[in-house]
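The primary structure of each chain is shown beneath.
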Amino acid sequence: MKHNLLFLHLLVVCLLSTYAQIASDKLLFSFPLINDPAKKSIFNIDKAERIRDALSGPIVMKKDHLLFYSRDGYVLFDQRGTVVDSFSIFKGNQDLKKGSPEELHLAFPVDPKTILFYKKKSSNGSAITIFEKNLHKRTVRPSTESFYDYYNYIYKKQVYNLAFNTLTDDMIESYMAKNRLVGYSGLPEGQKWWSVDKFYLHSSPLVFEEQGQCKSIFPGMIHKQNNDKLQTIEPLQIFSRYDRLFYTGISTRIGNKDEVYTQSYYVFDQAGNILYQDTLFKLDNMNVIIGEDETTYYTVKKIKRNVFKPAVSNSGDLYYGIIDYENKKIDVRKRAYTMFLPSPSKAKLEELINDEKCVEYVPLRLACNGKAASKKVLPKITLLDKKSNKYVRAQAEHLSHQGFVCYIQRTPDRAIQKKLDRSGGGIPRRIRSIIDSLSKTSTVKNPYSLEIQGPKREISFKYPPGEDIICARVIAVTNAKEVILRVDCAKYAEVLLFSTGGEYVNRFVFNKQDYEERQDIVVASASGTIIELDYESDPEMYKYFSWKRR
């Protein structure tokens with residue numbers, strides 16, 4: 001037993017140190033469970049119960065409150081572990097026979113403030129009544145008729161929603177509220193995500209619709225050759241940073257043979273690049289000896305600790321609950337991923353900023369003809385050559401930092417071409433017309449990408465369909481072995497960071513103006529300091545901002 005505990009401790013330490021650059025993991029709070037079947041409580045613990053029937057979570061609700069729920073009720077915590085709302089159905093059902101059609105059952109949350117309940121009017125569920133309850137309200141009220149169109153299998157299945165994950169069980173059976181509708185912020189109105197493929201995986205293109213218009217398309221994750229693990233990534237949830245969407249997924253291996261199981265957590269950007277792959281503890285098995293005497297016994301494995309399916313907040317932080325059967329408690333943990341935030345700053349790196357004021361670029365427009373990729377090209381940049389004190393057209397040697405130089409390319413995406421052209425029936429007519437229109441858009445089938453040439457390897461990074469890269473260049477290579485780039489797209493400018501080994505580190509948008517109006521300057525030093533000279537907030541007067549990891 002001590003050996004197993006030591007192994008788990010080392011496992012957690014190793015995982016956190018591996019990802020110390022991108023994440024911090026901490027225990028928010030714990031709460032106790034009881035083991036008394038005679039006591040009617042939503043905190044009762046029973047190993048034999050299915051996860052979907054026992055208290056599980058958390059689900060991230062409004063104000064980032066954390067919800068744990070079961071068939072018998074729910075409890076809502078704030079981030080410090082204080083109970084801010086709870087509800088139990090035991091009192092209402094206490095005078096009813098088990099299986100009575102008047103028994104109330106909790107189904108699942110349907111949005112960040114609403115939880116659905118139901119009553120079965122027949123034993124097979126052919127007739128049901130749906131109820132809804134808002135958090136912090138005591139009344140459970142009959143639901144509107146429109147809910148029956150989307151949640152008619154509420155008594156045996158759970159609705160999958162990419163925009164608001166409420167699944168806490170890996171084995172639960174789920175269904176879509178509408179054919180191909182894999183995510184929505186509201187029904188019938190609101191944002192919607194439609195899958196081009198009938199069977200939705202992370203390789204499936206998604207059409208993001210808002211108010212009847214296509215806002216973006218997710219082409220599906222970029223596959224790496226001969227990596228079977230990537231084929232098993234289960235879509236989890238989306239979140240938004242810097243006004244752009246990120247898609248998440250998990251890959252879980254479960255069983256009772258090994259001592260410890262883990263699950264992999266993935267973050268994709270809008271272009272399908274895998275940004276992060278992190279690891280979470282999944283379950284811990286323990287040996288249990290059974291037998292009648294000292295000479296005859298058997299050893300079996302039982303689950304000691306189990307992690308419920310994690311949930312993601314709107315800002316991208318990950319929350320997960322660990323049920324500890326041995327100590328009868330649930331630990332609630334938060335894994336926060338670093339992001340860059342600006343703060344007002346005094347003038348710094350003046351020499352670099354003055355050099356940057358002498359840099360000008362001509363917007364680059366790359367053609368991609370037929371099935372052939374365009375040649376990778378240097379951006380069209382004019383800068384002041386310090387040796388000759390003359391303005392020159394920048395060559396690779398002018399734009400290189402410690403051997404790293406950035407090129408721009410357009411490459412045909414044959415996989416998305418086939419899927420857009422062959423997407424079958426079942427998609428609403430307006431979405432079908434959006435897909436037909438997208439299939440004719442050049443930047444959908446031939447997206448832009450960055451090709452960063454390094455001393456030992458080349459880094460390739462795709463951009464989403466519909467976005468034009470008009471300039472990109474390396475602005476620094478830091479002492480911490482990070483390559484920092486400035487990328488100018490037609491409608492925004494951002495900073496990208498990679499490790500010198502080619503791994504994605506982070507990114508942030510610092511300007512959202514059209515490129516013809518853009519004046520902002522961003523520079524970085526070898527120490528990793530990033531300073532922006534900002535004109536966007538006030539065109540008449542510049543400001544300095546320092547961008548730091550938080």
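Residues numbered from 1 in each chain as written. Predicted model: local features only at pLDDT ≥ 70, side-chain atom pairs only at ≥ 80, totals over all residues. Heavy atoms only, no water.

1. Re the overall build of the protein
And step 1. Along the backbone of the protein there are eight helices and 37 strands.
And step 2. Evaluated residue by residue, the protein yields a buried proportion of 52% over its 550 residues.
And step 3. Only carbon and sulfur atoms are counted for the fraction: they give 50% of the accessible area of the protein, which is about 27,100 Å². (Helix = DSSP H or I, 4+ residues; strand = E, 2+ residues; numbered from the N terminus. Buried < 20%, exposed > 50% of the residue type's maximum accessible area, 1.4 Å probe, protein only. Areas by Shrake-Rupley, 256 points an atom, 1.4 Å probe, with all protein chains shown as cover.)

2. Section: unusual backbone geometry
And step 1. With an omega of 0°, the peptide bond between G57 and P58 qualifies as cis.
And step 2. Its identity is not glycine, yet Y242 carries a phi of approximately 55°, on the positive side.
And step 3. Relative to the helices and strands, Y242 is located in the loop between strand 16 (234-241) and strand 17 (244-252).
And step 4. The class for Y242 is buried, based on a relative accessible area of 18%.

3. Details of the side chain of E103
And step 1. Looking at where E103 falls in the secondary structure, it is placed in the loop between helix 2 (90-93) and strand 6 (105-111).
And step 2. If sequence neighbours within four positions are ignored, E103 has contacts with N93, L96, K97, K98, Y118 and K119. (Contact = heavy atoms within 4.5 Å.)

4. Here's the deal with the pairing of strand 15 (residues 213-218)
Two faces belong to every sheet, and in a regular strand the side chains alternate between them.
And step 1. Two elements, strand 14 (residues 206-210) and strand 15, share five bridges in a ladder whose sense is antiparallel. Along strand 15, the bridge assignment pairs V207 with I217.
And step 2. Counted along the chain from strand 14 to the antiparallel partner strand 15, the turn is two residues long, and its residue Q211 has a positive phi close to 55°. (Pairing = 2+ DSSP bridges.)

5. What about the state of the cysteines?
And step 1. Scanning the entire structure with this criterion turns up zero disulfides.
And step 2. C406 forms no disulfide, and the closest cysteine sulfur to it belongs to C471, at a distance of 8.7 Å.
And step 3. Residue classification places C406 among the buried positions, given a relative accessible area of 2%. (Disulfide = S-S within 2.5 Å.)

6. What about the confidence of the model for the protein?
And step 1. Confidence in the prediction for the protein averages 84 pLDDT; 87% of positions are at 70 or higher.
And step 2. Across residues 1-21, where pLDDT falls below 50, the model places 19 contacts with residues more than four positions away in sequence or in other chains. (pLDDT = per-residue confidence, 0-100.)

7. Concerning the sheet that holds strand 30 (residues 458-462)
And step 1. Taken in spatial order, the three strands of this open sheet run 28-29-30, and their pairing is antiparallel. Pairing within the sheet leaves two strands with one partner each, and these edge strands are strand 28 (405-410) and strand 30. On average, adjacent strands in this sheet sit at an angle of 25° to one another, irrespective of strand direction.
And step 2. In this structure, strand 28 lies alongside strand 29 (residues 448-453), joined through six bridges in antiparallel fashion. Pairing of C406 across the sheet is with I452, part of strand 29. (Axes fitted to C-alpha atoms, helices over the stretch in contact; angles between N-to-C directions.)

8. As for helix 7 (residues 429-438)
Think of an α-helix as turning once every 3.6 residues; residues three or four places apart then point the same way.
And step 1. Listed as buried for helix 7 are I431, I434, I435 and L438. Buried residues of helix 7 fall within an arc of 100° about the axis and therefore sit on the same side. (Arc of directions from axis to C-beta.)

9. Regarding the sheet that holds strand 6
And step 1. In space, the four strands of this open sheet follow the order 6-7-8-9, with antiparallel pairing throughout. Of all strands in the sheet, those bounded by a partner on one side alone are strand 6 and strand 9 (141-142).
And step 2. Summarising the sheet, strand 8 (residues 128-134) and strand 9 pair through two bridges and their orientation is antiparallel. Opposite F131, over in strand 9, you have P142 as the bridge partner.

10. Examining the pairing of strand 27 (residues 390-393)
And step 1. Here four bridges tie strand 26 (residues 380-385) to strand 27, and the two strands are oriented antiparallel to one another. Looking at strand 27, one finds that T382 is bridged to R393.
And step 2. With antiparallel pairing between neighbouring strands as the criterion, strand 26 and strand 27 make up a hairpin whose turn holds four residues, including N389 at a positive phi of roughly 55°.

11. Some words on the packing of aromatic side chains
And step 1. Taken as a whole and assessed by the stated rule, the structure comprises 26 aromatic pairs.
And step 2. Ring geometry for Y266 and F268: centres 6.4 Å apart, planes at 20°, overall stacked. With respect to burial, Y266 and F268 carry one shared label: buried.
And step 3. Each ring, one from Y276 and one from Y337, has its centre 6.0 Å from the other, and the planes form 20°; the classification is stacked. Taken as a pair, Y276 in strand 19 (residues 274-291) and Y337 in strand 23 (residues 329-337) lie far apart in primary sequence, 61 residues in all.
And step 4. Relative accessible area serves as the criterion here: at 9%, Y276 is assigned to the buried category.
And step 5. Through successive ring pairs, a cluster of aromatic residues spans Y265, Y276, Y337, F461, Y463, F498 and Y504.
And step 6. Of note, K157 hangs over the ring of Y153, and the distance from its end group to the ring centre comes to 5.2 Å.
And step 7. Just above the ring of Y463 sits the side chain of R507; from NZ or CZ to the centre is 5.9 Å. (Phe/Tyr/Trp six-rings, centres within 6.5 Å; stacked < 30°, edge-to-face > 60°. Lys NZ or Arg CZ within 6 Å of the ring centre and 35° of its normal.)

12. Overview of the nonpolar core
And step 1. In terms of nonpolar packing, the biggest core is built from 59 residues, with Y265, L450, Y463, I469, L485, V487 and L496 touching the most fellow members.
And step 2. Take this core: its biggest share by element is six residues, from strand 31 (residues 469-477).
And step 3. Those residues in contact with I469 that sit more than four places away from it in its chain are L364, I408, Y448, S449, L450, Y463, V487, D488 and C489.
And step 4. One finds Y74, I115, Y184 and I217 within the second-largest nonpolar core, a separate group that totals 43 residues. (Core = buried A, V, L, I, M, F, W, Y, C linked by side-chain atoms within 4.5 Å.)

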